[in-house]
Amino acid sequence: MVPVSHSRTSIGYSGHVDPSLRRNAIAHRLSRKDGPVGAQENVVFDCTQTGRFGLRGPGTLAWLEEAGLSAPEAVNTALTLACGTSVLRLGQQEVLLAAPPGDSGARLRELRKAWQDSALPAKGYDAYRDEGWAWFVISGPTAPALMRRISMADLRPESLKPGDLAQTRALHLDAVVARFDHFGAVSYDIFIDIASAAFALDVLTETAAGTNSGFQFAALHATE
């Protein structure tokens, strides 16, 4: 189960990403995070401005191999490449490539161009995850407790281990939840339909307040 994507048809698509499509309904509600994030900080970050690139369909894994990129061996697992790019395997021929939260996305742009320029007869097609999905990161000592409150799935650290992901329900929405442990703490990346970002933030804000753990809410924008 993956978030519904309000993406455009691939017919005639040039491959250019329109930044305005990432300006979701919560952009004005969160201040920008400055400075490093401590492992003991409980945080909820909107990372929707950070680069990501989704591919699906026949040839997807063939293109990853052509590009010299490792792919997780099993569906619903993920790995992080040496360059910091995360590779989430959502299906037999479906992946999401994501830059580190707050990264400039330069490497993602290189990979997107390499995909566009590839002469493979089948190389997957753009799933528009950069435009269609909002992205939250929940991190800190109380992150698992917050996750228990926003999803009925078993997302405890002993069940969803680093490199695991679940296509499930969270925040009353279809969601992809991945465990990466950013900032030296237990962390969860949550991808949902960007049209539901404001609703998701409302749920997160109210639920986090109930933990009495002082969760900080902020936006991580791309660094230059």
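### Remarks on the overall build of the chain
Counting its regular elements, the chain contains 5 helices and 11 strands. When each of the 224 residues of the chain is scored for burial, the buried share is 52%. For the chain, contacts bridging at least 24 residues in sequence account for 72% of all contacts bridging at least 6. Within the structure as shown, the chain displays about 10100 Å² of accessible surface, and the carbon and sulfur contribution to it stands at 52%.

### Some details on helix H2 (residues 106–117)
Each turn of an α-helix holds 3.6 residues, which means side chains three or four residues apart point in the same direction. Its 12 residues place the ends of H2 17 Å apart at the C-alpha level, agreeing with the 16 Å of an ideal helix rising 1.5 Å per residue. Among the residues of H2, those classed as buried are Leu108, Leu111, Arg112 and Trp115. Projection of H2 onto a plane perpendicular to its axis shows the buried side chains occupying an angular sector of 100°, all on one side. In this structure, H2 carries Arg109 and Asp117 as exposed residues pointing more than 90 degrees from its buried face. In the core, the buried residues of H2 are packed alongside strand S2 (52–56), helix H1 (60–66), strand S5 (94–98), strand S6 (125–126) and helix H3 (129–132).

### Overview of the packing of helix H4 (residues 143–150) against helix H5 (residues 197–209)
Running from amino to carboxyl end, H4 crosses H5 at an angle of 120°, the nearest separation of the two axes being 10 Å. If you check the angle between H4 and H5, you find them oblique. Seen along the crossing, H4 lies across H5 with a hand that is right-handed. Listed contacts from H5 to Leu146, Arg149 and Ile150 of H4 are Leu204, Thr207 and Ala208.

### Concerning unusual backbone geometry
Positive phi, normally seen in glycine, also occurs at histidine 172, with a value near 65°. Residue placement: histidine 172 occurs in the loop between strand S8 (165–170) and strand S9 (173–179). Overall, the relative accessible area of 58% leaves histidine 172 in the exposed class. Look at aspartate 181: it is not a glycine, yet its phi comes out positive at around 60°. Of note, aspartate 181 is situated in the loop between S9 and strand S10 (187–193). With a relative accessible area of 26%, aspartate 181 lands in the partly exposed category.

### Here we look at the environment of glycine 102
Counting through the fold element by element, glycine 102 comes out in the loop between S5 and H2. Residue glycine 102 is classed as buried on the basis of its relative accessible area of 9%. With 52 residues separating them along the chain, glycine 102 and threonine 50 place their C-alpha atoms 5.6 Å apart.

### Things to note about the sheet that holds strand S3 (residues 77–80)
Through backbone hydrogen bonds, the strands of a sheet pair up, either in parallel or in antiparallel fashion. Overall, antiparallel pairing links the 5 strands, which are arranged S3-S4-S5-S2-S6 in an open sheet. Since the sheet does not close on itself, it has two edges, and those belong to S3 and S6, each with one partner. In this structure, S3 lies alongside strand S4 (residues 86–91), joined through 4 bridges in antiparallel fashion. Bridge assignment links threonine 77 to a residue of S4, and that residue is arginine 89. Its contacts with the sheet put H2 on S2, S5 and S6, and the angle it makes with S2 is roughly 30°.

### Concerning the packing of aromatic side chains
With the rule as written, the count across this model stands at 4 aromatic pairs. Ring centres of phenylalanine 53 and tryptophan 115 lie 5.6 Å apart, and the angle between their planes is 70°; on these two criteria the pair is classed as edge-to-face. Here tryptophan 115 lies in helix H2 and phenylalanine 53 lies in strand S2, a separation of 62 residues in the sequence. Each member of the pair phenylalanine 53 and tryptophan 115 is classed as buried. Among the aromatic residues, those joined into a ring-pair cluster are Trp133, Trp135 and Phe191. Over the ring of tryptophan 115 we find lysine 123, and its NZ or CZ is 5.2 Å from the ring centre.

Rules used throughout
Going along each chain's sequence as written, the residues are numbered from 1 onward. In view of the model being predicted, local features appear only for residues whose pLDDT reaches at least 70, and side-chain atom pairs are presented and counted only at 80 or more, with totals across whole chains, interfaces and linings using the full set of residues. Side-chain metrics rest on all non-hydrogen atoms present in the structure, leaving aside hydrogens and water. Note on conventions: DSSP H or I runs of at least 4 residues are helices, E runs of at least 2 residues are strands, and numbering of each starts at the N terminus. Burial classes: relative accessible area under 20% of the type maximum marks a residue as buried, over 50% as exposed, and values in between as partly exposed (1.4 Å probe, protein chains only). Contacts between residues were defined by any pair of non-hydrogen atoms, one from each residue, lying within 4.5 Å. Note that accessible areas follow from Shrake-Rupley with a 1.4 Å probe, and for residues the cover is restricted to the protein chains shown. The span you would expect from a helix comes to 1.5 Å times its residue count less one. Think of the arc as the fan of directions from the helix axis to the C-beta atoms. Only C-alpha atoms enter the line fits that serve as axes; for helices the fit covers just the stretch in contact. Angles between N-to-C directions range over 0 to 180 degrees. Roughly parallel here means an angle under 35 degrees, roughly antiparallel means over 145, roughly perpendicular means 65 to 115, and every remaining angle is called oblique. Handedness of a helix crossing follows the sense of rotation of the near helix relative to the far helix, less than a right angle counterclockwise being left-handed and clockwise being right-handed. Two strands pair if DSSP finds at least two bridges between them. Side-chain rings of Phe, Tyr and Trp, where Trp is taken by its six-membered ring, are said to pair if the distance between their centres is within 6.5 Å; with planes under 30 degrees apart they count as stacked, over 60 as edge-to-face, and otherwise as tilted. Geometrically, a lysine NZ or arginine CZ counts as sitting over a ring once it is within 6 Å of the ring centre and also within 35 degrees of the ring normal.

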